[in-house]
Amino acid sequence: MRNSPIIILLISGSAMAAEPADGVVDSIAGRQLDEIVVTGARNDVDVRHLPMTVSVVGHDRLTEKERDNVLPTVAELVPGLFVTSRGVLGYGVSGGAAGGISMRGLSSGSGQLMVLIDGHPQYNGVYGHSISDSYQTMMTDRVEVVRGPASLIYGSNAMGGVINIVTRRMRGDGSHTSIDLGAGSYGTFQSEASNMFRKGKFSSTVSGQYSRSDNHRPGMAFEQYGGYARIEYRLDDHWNIYADADVTHFNSSYPGSTDAPLLEADQWITRGVATLSLENNYGNTSGAISVYDNFGRHKLNDGHAPDAAPQTRLFRSKDALAGVAWYQSAVLFAGNRTTVGVDYQHIYGNAYYTSRETGEILETQNKQSGRRHMNEIAAYVNFHQDISSWLTVDAGLRVDHHSVAGTELIPQGGIVVRPTSTSEVKASVGKGFRNPTMREMYLYPPSNEELKPERLVNYEMSWRQRLHEIGLNYGVNLFYINGDNIIQTVNRQNINTGKIENWGAEADATVAIGRHWSATTNHSWLRMVHPIIAAPRYKGYLGVNYHKSRIAVSVGLQQISGLYTEIGNGASSENFTLLNAIVRYRMSRVVGLWVKGDNLLAQRYEINKGYPMPKATFMGGVNITF
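Residues numbered from 1 in each chain as written. Predicted model: local features only at pLDDT ≥ 70, side-chain atom pairs only at ≥ 80, totals over all residues. Heavy atoms only, no water.

Participant: Could you give an account of the overall build of the protein chain, with specific residues and numbers?
Facilitator: Each helix and strand counted, the protein chain has 4 helices and 37 strands in total. Its C-alpha atoms give the protein chain a radius of gyration of 24 Å, within 12% of the compact-globule value 25 Å for 626 residues. Along the first, second and third principal axes, the C-alpha set of the protein chain runs to 70 × 55 × 50 Å. Taken over 626 residues, the protein chain has a buried fraction of 57%. Taking the contacts inside the protein chain whose residues are at least 6 apart along the sequence as the reference set, 64% of them involve residues at least 24 apart. Of the roughly 24600 Å² of accessible surface on the protein chain, a fraction of 59% belongs to carbon and sulfur atoms. Each charge sign in the protein chain was given a centre, from 57 positive and 58 negative side chains, and these centres are 2 Å apart. (Helix = DSSP H or I, 4+ residues; strand = E, 2+ residues; numbered from the N terminus. Rg over C-alpha atoms; globule rule 2.2 N^0.38 Å. Buried < 20%, exposed > 50% of the residue type's maximum accessible area, 1.4 Å probe, protein only. Contact = heavy atoms within 4.5 Å. Areas by Shrake-Rupley, 256 points an atom, 1.4 Å probe, with all protein chains shown as cover. Lys, Arg positive; Asp, Glu negative; His and termini not counted. Charge placed at Lys NZ, Arg CZ, Asp CG, Glu CD.)

Participant: Go over empty space enclosed by the protein with me, naming the residues and quoting the values.
Facilitator: Rolled over the atoms, a probe sized like a water molecule indicates the empty space that remains. Counted according to the given criterion, the structure contains 14 cavities of 30 Å³ or more. Approximately 840 Å³ is the volume found for the largest cavity. Lining the largest cavity are 41 residues; nearest its centre among them are Arg67, Pro72, Ser85, Gly87 and Val88. Here the lining of the largest cavity takes 4 residues from helix H2 (residues 71-77), the largest share from any one element. Residues of the lining of the largest cavity, tallied by class, amount to 18 nonpolar, 15 polar and 8 charged. (1 Å grid on protein atoms, 1.4 Å probe; cavity = no way out; pocket = protein on both sides within 12 Å on 5 of 7 lines; lining within 4 Å. Points joined across faces, edges and corners; volume = space filled by probe spheres on them. Nonpolar A, V, L, I, M, F, W, Y, C, P; charged D, E, K, R; others polar.)

Participant: Explain the nonpolar core to me, using residue names and the numbers behind them.
Facilitator: One finds Leu50, Val54, Met114, Tyr154 and Val162 to be the most contacted residues of the largest nonpolar core, which totals 43 residues. Counting residues per element, the ones that place at least two in this core are strand E7 (114-117), helix H3 (151-154), strand E19 (285-300), strand E20 (313-330), strand E21 (336-355), strand E23 (371-388) and helix H4 (438-442). If you tally residues by element for this core, the top one is E20, at 4 residues. If we ignore the near neighbours within four places in the chain, the residues touching Tyr154 are Val38, Thr39, Arg42, Met114, Leu116, Gly119, Val162 and Arg398. Membership of the second largest hydrophobic core comes to 25 residues, among which are Leu71, Leu77, Tyr135 and Ile163. (Core = buried A, V, L, I, M, F, W, Y, C linked by side-chain atoms within 4.5 Å.)

Participant: Explain the sheet that holds strand E6 (residues 106-107) to me, using residue names and the numbers behind them.
Facilitator: If you walk across this open sheet you meet the 3 strands as E4-E5-E6, and the pairing is antiparallel. Each end of this open sheet is capped by a strand with a single partner; those strands are strand E4 (81-83) and E6. (Pairing = 2+ DSSP bridges.)

Participant: Explain the pattern of salt bridges residue by residue, including any values.
Facilitator: Taken as a whole and assessed by the stated rule, the structure comprises 24 salt bridges. One connected set of salt bridges, linked through shared partners, spans Arg104, Arg147, Glu460 and Glu506. (Salt bridge = Lys/Arg side-chain N within 4 Å of Asp/Glu carboxyl O.)

Participant: Describe the packing of aromatic side chains, and please don't skip the residues or the numbers.
Facilitator: Scanning the entire structure with this criterion turns up 10 aromatic pairs. Judged by centre distance (5.4 Å) and plane angle (70°), the ring pair of Phe315 and Tyr353 falls under edge-to-face. You can see Phe315 sitting in strand E20 and its partner Tyr353 sitting in strand E21, a full 38 residues away along the chain. Ring centres of Phe576 and Tyr605 lie 4.2 Å apart, and the angle between their planes is 25°; on these two criteria the pair is classed as stacked. Highlighted residues: Phe576 in strand E33 (residues 572-586) and Tyr605 in the loop between strand E34 (591-598) and strand E35 (606-608), separated in sequence by 29 residues. Both residues of the pair, Phe576 and Tyr605, count as buried. (Phe/Tyr/Trp six-rings, centres within 6.5 Å; stacked < 30°, edge-to-face > 60°.)

Participant: Which residues make up the side chain of Glu232, and what are the values?
Facilitator: As for its position among the elements, Glu232 is in strand E14 (residues 222-234). Among the polar contacts listed, one links the side chain of Glu232 to the side chain of Asn240, at a separation of 2.7 Å. Leaving out residues up to four positions away in the same chain, Glu232 has contacts with Arg169, Lys201, Phe202, Ser203, Asn240, Ile241 and Tyr242. (Polar contact = N/O pair within 3.5 Å; in protein donor to acceptor, adjacent residues only side chain to side chain.)

Participant: Before we move on, can you summarise the side chain of Glu606 with the specific residues and values?
Facilitator: Looking at the element boundaries, Glu606 is found in strand E35. At a separation of 3.1 Å, a polar atom in the side chain of Glu606 contacts the main-chain amide nitrogen of Gly610.

Participant: Tell me about the sheet that holds strand E8 (residues 120-121), residues and numbers included.
Facilitator: Read across the sheet, 5 strands follow the order E3-E9-E10-E7-E8 without closing on themselves; strand pairing throughout is mixed. On the outer flanks of this sheet lie strand E3 (54-58) and E8, each paired with one strand and no other. Pairing of strand E9 (residues 140-147) with strand E10 (residues 161-167), which is carried by 7 bridges, proceeds in the antiparallel orientation. The residue bridging Glu144 from the neighbouring strand is Asn164, located in E10.

Participant: Explain the confidence of the model for the protein chain to me, using residue names and the numbers behind them.
Facilitator: In the predicted model, the protein chain carries a mean pLDDT of 90, and the fraction of residues at 70 or more is 93%. Confidence drops under pLDDT 50 across residues 1-34; counting only partners more than four residues distant or on other chains, this segment forms 114 contacts. (pLDDT = per-residue confidence, 0-100.)

Participant: Summarise the pairing of E19; cite the residues concerned and give the values.
Facilitator: Working note: regular strand, side chains alternate between the two faces of the sheet. The sheet contact formed by strand E18 (residues 266-281) and E19 spans 15 bridges and is antiparallel. Within E19, the position partnered with Thr270 by the bridge is Arg297. Linking E18 to E19, which pair antiparallel, is a turn of 3 residues; within it Gly283 sits at a positive phi near 85°. One ladder, built from 16 bridges, connects E19 with E20; its direction is antiparallel. Each bridged residue has a counterpart across the sheet, and for Leu300 the counterpart in E20 is Phe315.

Participant: Which residues make up the environment of Asn473, and what values go with them?
Facilitator: Position of Asn473 relative to the elements: it lies in strand E28 (residues 472-490). Separated by 39 residues in the primary sequence, Asn473 and Ala512 have C-alpha atoms spaced 9.3 Å apart. A polar side-chain atom of Asn473 sits 2.5 Å from a polar atom in the side chain of Arg464.

Participant: Could you give an account of unusual backbone geometry, naming the residues involved and the relevant values?
Facilitator: In the Ramachandran plot, Tyr186 falls in the positive-phi region, its phi being about 60° despite a non-glycine side chain. Inspection of the secondary structure puts Tyr186 in the loop between strand E11 (174-184) and strand E12 (188-199).

Participant: So, the pairing of strand E22 (residues 361-364): which residues are in play, and what are the values?
Facilitator: Two elements, E21 and E22, share 3 bridges in a ladder whose sense is antiparallel. Its bridge partner being in E22, Tyr353 is matched across the sheet by Glu363. Linkage of E21 to E22, two consecutive antiparallel strands, is achieved through a turn of 5 residues, within which Gly359 is found at a positive phi near 85°.

Participant: Go over the environment of Val324, please, and point to the residues and values.
Facilitator: With respect to the secondary-structure elements, Val324 resides in strand E20. Expressed as a C-alpha distance, the spacing of Val324 and Gly620, which sit 296 residues apart in the sequence, is 44 Å. Aside from chain neighbours lying at most four places away, what touches Val324 is Ile289, Ser290, Val291, Tyr292, Val342, Asp343 and Tyr344.

In structure tokens:
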């Protein structure tokens, strides 16, 4: 374990951006004026009336650090959320991969935390988890994070919470284009471009991204390109239709851990999703029906030790998840909003090995001829009632049927008390669950067709207050999680034997200091009776921001303590403090320059065991908006 200062000052500034073009959707994170979110209830809801804890990170905050992926910034700004990393750029998949997202000790790598794009799930059939390299900054208007179970609305894989990426679009006629280019340490290059257009009833959003890096270890190169496109047409005052597609491909190599190096450990991964959605809004009732298809193509060379023979075969998998989602909400009487919905998913895929020389199939991994199909259908109802100006109650029930794992009931309820117009107390209890994946049931020797869903119950209380006269917005919350049926591998078989018992506290605050200064901080403390890897016991962020005229500066420190890199008999953990800084200069309304440095304290640390992180790195670049 490498020791770092345990008290952390985080100075994180809002870098200055060009003024948005007319009609561009403005960010809701930095100013904290707009408190309307969509993730907690499908339809637009004032976050002050929702019983669960929701964090929002807007486009201005996502872009101020000049990162082409939204996850590192979201992990800094949302308490309780942590993302693993292994290099300057690229998370990768399979052995030695990073990009594992954890929330309060629940992990996306285990399928316990769901990523959404505009409310649609971003995981596939065979492995049941998202690919963290997929989430471009330029396409994102804001990220909404539900900290706690969201299985009532989103079903399996949302047992620990959801991260919903809300895409950008024009609200008024016109066009807006953004281009960002950067280069720096270890041959790293990143580029993003996006255009939003609207004329009359038609609108579109298109973005593309290319990045590459040699990274700081030999044999750790990463290259990625991807794109997002959305076209939308307003049929009339009440009906709207849109189609979108998001595709990412990356080529990645990893050198193995420092004590078990590998050669030729290469990956070629393509992931994508396409959606068609029809929306309606009649004021007192609104809803949508969507069809979507998630697809993945994976080719991996598992690599070989330096003194061993190269692999003669490649691992391949094709997996997908096709779904239909319908919901409709209505105001049945004063202060009420009732939402009903139905979800259907067809989960399928196969995994196999091919000859490296000829490409012929050598071995299938799935039981029963190498292919499996599973289906899931669910119905839910959510009842939201403002009883008075100071009291709201919320309750719902989901009935979820999986063709193999069976039927699960998911209740959720909560209450919100608003003692003043600028404060609220929330209390909630909710169940989360996760159905076993095809990999856990049908692939490899540990597979077990008798697996049942994982389950947990989350209890939570929170307090939030906005003191507008001094520009202060702060909140604190306490939670307790108790779960069972967690899937573990015991004696080379997957069984429902694991348990979860986590509790903790989270706090965050922002404050405006005059015209040019602002401050932000968040802290989370987590205690796990049954520890897992990559869930820190403490994560802290505290900062002061400065911007004036053409210059904006952001300097930050992040403290991570008690991060398990190994558990069990050889348990080990890490403590480290990261100092990051970025300076931006706006030459004109069109052109801006930036330079940044990460890990300026040159900390030696690991997030993944055996994969040391780089010391100080530097990048510079230009952004263009018109």
